[in-house]
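Per-entry structural report
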Amino acid sequence: MLITAHGGAHGTGRNSKLYFSRIPEYECDVLEVDVRKRGNTLYIAHLPALFPKRHLSLEYALEKAKEYGKLINCDMKERGLVGDVIELAKKTGTEDKILFTGWVVSEREAENLPFGRVFFNKLSGIPFKEGNAAKIKERLGDNPRLAGINAGKRFVSDRFLAECAEAGIAVSLYTLSSRADAERYVKLGLYNLTCNNPAAVREVFRGYKEQ
């Protein structure tokens, strides 16, 4: 199981320098950033920025992921930027670090990726509901770029998550905020947990493995 430090984990603020300065504290495998573009610059921000130069660049985030040996989940906030992220990853030598999520990432974009993996927030015509695991598995097929699904914990049932795990579907679940969340979900065999408190989730996961 992977653990992702949600943007702003440990109260650091989304997409902030403080978030990146405290990476060792998170005990995470993956960093998360929100990706947007203005002009020729990819920047990280949850909402569109009037002055994007005041925000950190995606290049900065990729270099931090490389420095600390972390994967980076690019949560795409605008359509049509996947190719730009791919080119920047080539430039920074972070091809092996890239994951994609986001409601705007299409299956067509994912199918043609040269590297990286996509966890879909949606699949056309297939709701993330009980009874649909087999359809999801079939849709993802054997293309390694179509890695799995990215589901909000408020919108999916534990039974659906268990069905996905049984079908061999990699599920990334967001966003865990409490120890109770961790204790609930670490048992389900999910691929990734995105957390506001990743260090606490890591502690729960260690305890579960030792049982």
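Nothing here was measured: the structure is a model prediction, and the numbers come from that model. (Residues numbered from 1 in each chain as written. Predicted model: local features only at pLDDT ≥ 70, side-chain atom pairs only at ≥ 80, totals over all residues. Heavy atoms only, no water.)

What to know about the packing of helix α6 (residues 133-140) against helix α7 (residues 158-167)
Rules: To get an axis, a line is fitted to the C-alpha atoms, and for a helix only the part in contact is used. The angle between two axes follows their N-to-C directions and goes from 0 to 180 degrees. Strands here mean DSSP runs of E at least two residues long; helices mean DSSP runs of H or I at least four residues long; both are numbered from the N terminus. Should an angle fall under 35 degrees it is taken as roughly parallel, and over 145 as roughly antiparallel, whereas 65 to 115 is taken as roughly perpendicular and any remaining angle as oblique. Crossing handedness is defined as follows: a turn of the near helix away from the far one that is anticlockwise and smaller than a right angle gives a left-handed crossing, while the clockwise case is right-handed. The contact rule is simple, with two residues in contact once any of their heavy atoms fall within 4.5 Å.
Between α6 and α7, the least distance of the axes is 9 Å, while the angle of their chain directions is 45 degrees. Taken as axis vectors, α6 and α7 run oblique relative to one another. The two elements α6 and α7 cross, and the hand of that crossing is right-handed. Contacts between α6 and α7 pair A133, I136 and K137 from the former with F160, E163, C164 and A167 from the latter.

Examining the pattern of salt bridges
Close approach of charged atoms allows side chains of opposite charge to pair. Quick note on the threshold: Any Lys or Arg side-chain nitrogen located within 4 Å of an Asp or Glu carboxyl oxygen qualifies as a salt bridge. Throughout this description, buried means an accessible area under 20% of the type-specific maximum (1.4 Å probe, protein chains only), exposed means over 50%, and partly exposed covers the range between.
Applying the stated criterion across every chain, the model contains 16 salt bridges. Here D34 and K77 are joined by a salt bridge, their closest N and O atoms 3.9 Å apart. Within this pair, whereas D34 is found in strand β2 (residues 30-38), its partner K77 is found in the loop between β4 (71-76) and α4 (82-92), the two being separated by 43 residues in sequence. By relative accessible area, D34 is classed as buried at 5%. You can call K77 partly exposed: its relative accessible area is 25%. Across the salt bridge formed by R184 and D158, the nearest N and O atoms sit 2.9 Å from each other.

A closer look at the packing of aromatic side chains
By convention here, two paired aromatic rings are described through the distance between centres and the angle between planes. For clarity, the cut-off: Any two rings among Phe, Tyr and Trp, with Trp reduced to its six-membered ring, count as a pair given centres within 6.5 Å; such a pair is stacked if its planes are under 30 degrees apart, edge-to-face if over 60, and tilted if neither.
This structure, assessed with the given rule, holds five aromatic pairs. Relative to Y191, the ring of F119 has its centre 5.4 Å away and its plane inclined at 25 degrees; by these criteria the two rings are stacked. Taken together, the residues F119 in strand β6 (residues 117-120) and Y191 in the loop between α8 (179-185) and β9 (192-195) connect sequence positions 72 residues apart. With relative accessibility at 3%, the residue F119 sits in the buried group. By way of ring pairs, the aromatic residues Y19, F20, Y26 and Y60 are connected into one cluster.

Observations regarding the environment of E67
Looking at the secondary structure, you find E67 in helix α3 (residues 58-68). Considering only alpha carbons, one finds E67 and N143, 76 residues apart in sequence, at a separation of 29 Å.

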